[in-house]
Amino acid sequence: MQKTVKLYSRPRCHLCETAREILEDLQTKWNITIEEINIDLDDELVEKYGIMIPVIELDGEELQYGIINKKFIDEAFSRKNIEFIS
């Protein structure tokens, strides 16, 4: 079953671009879809995540924010029993 991973980000954010690249790379081995959410379009999200972005969320749980570590996210997907596809 495919899981949706949320990436809270904003335009012109280098760390956000890196986080997206990490998720896209992990998408080749895990059965996930990536939903990128621009926090600048929602005042509540700006208040919640303003200085934390990027934020990676799965099943309502914030897995990591700020500087995203690929190995950490990969291990988190494994712990969350996401379907492995390759």
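The following refers to the structure shown. Worth saying up front: this structure is predicted, and the values here are computed from it rather than measured. (Residues numbered from 1 in each chain as written. Predicted model: local features only at pLDDT ≥ 70, side-chain atom pairs only at ≥ 80, totals over all residues. Heavy atoms only, no water.)

1. Topic: the nonpolar core
- By size, the foremost hydrophobic cluster in this structure holds 16 residues, and its most contacted members are Val-5, Leu-23, Ile-56, Leu-63, Ile-73 and Phe-77.
- Elements supplying a minimum of two residues to this core: β1 (3-9), α1 (14-26), β3 (55-58) and α3 (70-79).
- With four residues, α1 is the largest single contributor of residues to this core.
- Aside from chain neighbours lying at most four places away, what touches Ile-73 is Leu-23, Leu-26, Ile-56, Leu-63, Gln-64 and Ile-68. (Core = buried A, V, L, I, M, F, W, Y, C linked by side-chain atoms within 4.5 Å. Buried < 20%, exposed > 50% of the residue type's maximum accessible area, 1.4 Å probe, protein only. Helix = DSSP H or I, 4+ residues; strand = E, 2+ residues; numbered from the N terminus. Contact = heavy atoms within 4.5 Å.)

2. Quick look at the environment of Asp-59
- Within the secondary structure layout, Asp-59 lies in the loop between β3 and β4 (61-65).
- Residues Asp-59 and Val-5 lie 54 residues apart in sequence; the distance between their C-alpha atoms is 7.8 Å.
- A polar contact is formed between the side chain of Asp-59 and the side chain of Lys-3, at a distance of 2.9 Å. (Polar contact = N/O pair within 3.5 Å; in protein donor to acceptor, adjacent residues only side chain to side chain.)

3. What to know about the environment of Ile-73
- Mapped onto the elements of the fold, Ile-73 is located in helix α3.
- Given a relative accessible area of 0%, Ile-73 falls into the buried group.
- C-alpha separation for the pair Ile-73 and Glu-36, spaced 37 residues apart in sequence, amounts to 16 Å.

4. Some details on the state of the cysteines
- Under the criterion given, the structure shown has one disulfide.
- Shown here is the disulfide that connects Cys-13 with Cys-16, its sulfur atoms set 2.3 Å apart. The chirality of the disulfide connecting Cys-13 with Cys-16 is right-handed, given an S-S dihedral of about 75 degrees. The two residues Cys-13 and Cys-16 agree in class, both being buried. (Disulfide = S-S within 2.5 Å.)

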